[in-house]
Amino acid sequence: MESYEEKDKAHKEIEGDIAALSRRIMLTEEEAKKSETTLANTVTKLAVTSKAADEVLKKVKVVESKCMNNEVTIEELDKNLRQTSKMASDNEQKLDELSRKLGVQEEELKRAIERAELAENKLKGIEEELQMVGENMKQLETSAEKAVEREEKLKIKF
């Protein structure tokens, strides 16, 4: 009988172990289901995050492209600015030179006007002299005619 009791006791222990293992299997299965759900959620979140990261990378590429285009544009504008500045400087020099030449021309014009006025005044003086000479010549002609007339009268008298 002892062996029956021992076997019964061993059997009950084994049944207890089996029940404990069954509970443990059920708990492990529940944990596995929870882990699978968590894994599925994590995979979904990873996919969503990956998609968002891809979109961000696309936006980064677009921004980088714009930056490169902007850098090219800035370089072109800088080059144009340097050229325009040089042109402005050259034009300022030309303007200064033309202003100086204009000043010289204006001074020469003033002197030419003064010389013209002097010449005009001299011309008026010469014209007055010519007029006086003309009047003197008329008087001389008149005197010569009178002298010829007197001479003729004297010749006639003689």
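Below is a summary of the structure that appears in this document. (Residues numbered from 1 in each chain as written. Predicted model: local features only at pLDDT ≥ 70, side-chain atom pairs only at ≥ 80, totals over all residues. Heavy atoms only, no water.)

1. Comments concerning the overall build of the protein
- A count of helical and extended segments in the protein gives one helix and zero strands.
- By the compact-globule yardstick of 15 Å for 158 residues, the protein is too spread out, its C-alpha radius of gyration being 65 Å.
- Out of the 158 residues belonging to the protein, those deemed buried represent 0%.
- Summed over its atoms, the accessible surface of the protein is roughly 15300 Å², and 59% of this surface lies on carbon and sulfur atoms.
- Here the protein holds 30 positive side-chain charges and 37 negative ones, and the gap between their average locations is 5 Å. (Helix = DSSP H or I, 4+ residues; strand = E, 2+ residues; numbered from the N terminus. Rg over C-alpha atoms; globule rule 2.2 N^0.38 Å. Buried < 20%, exposed > 50% of the residue type's maximum accessible area, 1.4 Å probe, protein only. Areas by Shrake-Rupley, 256 points an atom, 1.4 Å probe, with all protein chains shown as cover. Lys, Arg positive; Asp, Glu negative; His and termini not counted. Charge placed at Lys NZ, Arg CZ, Asp CG, Glu CD.)

2. A look at the pattern of salt bridges
- As enumerated under the stated definition, the model contains six salt bridges in all.
- Between K12 and D8 there is a salt bridge whose closest N-O contact spans 3.8 Å. Here D8 and K12 lie together in helix α1 (residues 2-157), a separation of four residues that amounts to about one turn.
- In this structure K12 comes out as exposed when scored by relative accessible area, which is 54%. (Salt bridge = Lys/Arg side-chain N within 4 Å of Asp/Glu carboxyl O.)

3. Some remarks on a positive patch on the surface
- Among the surface-exposed residues, K146, R150, K153 and K157 lie close enough to one another that they form a single positively charged patch.
- By the secondary structure assignment, K157 is in helix α1.
- Here K157 falls in the exposed class, since its relative accessible area comes to 70%. (Patch = residues over 30% accessible without salt bridge, like charges linked within 9 Å, V, L, I, M, F, W, Y side chains within 5 Å.)

4. Quick notes on a negative patch on the surface
- Residues E141, E145, E149 and E152 make up a contiguous surface patch of negative charge.
- Along the chain, E149 falls in helix α1.
- In this structure E149 comes out as partly exposed when scored by relative accessible area, which is 47%.

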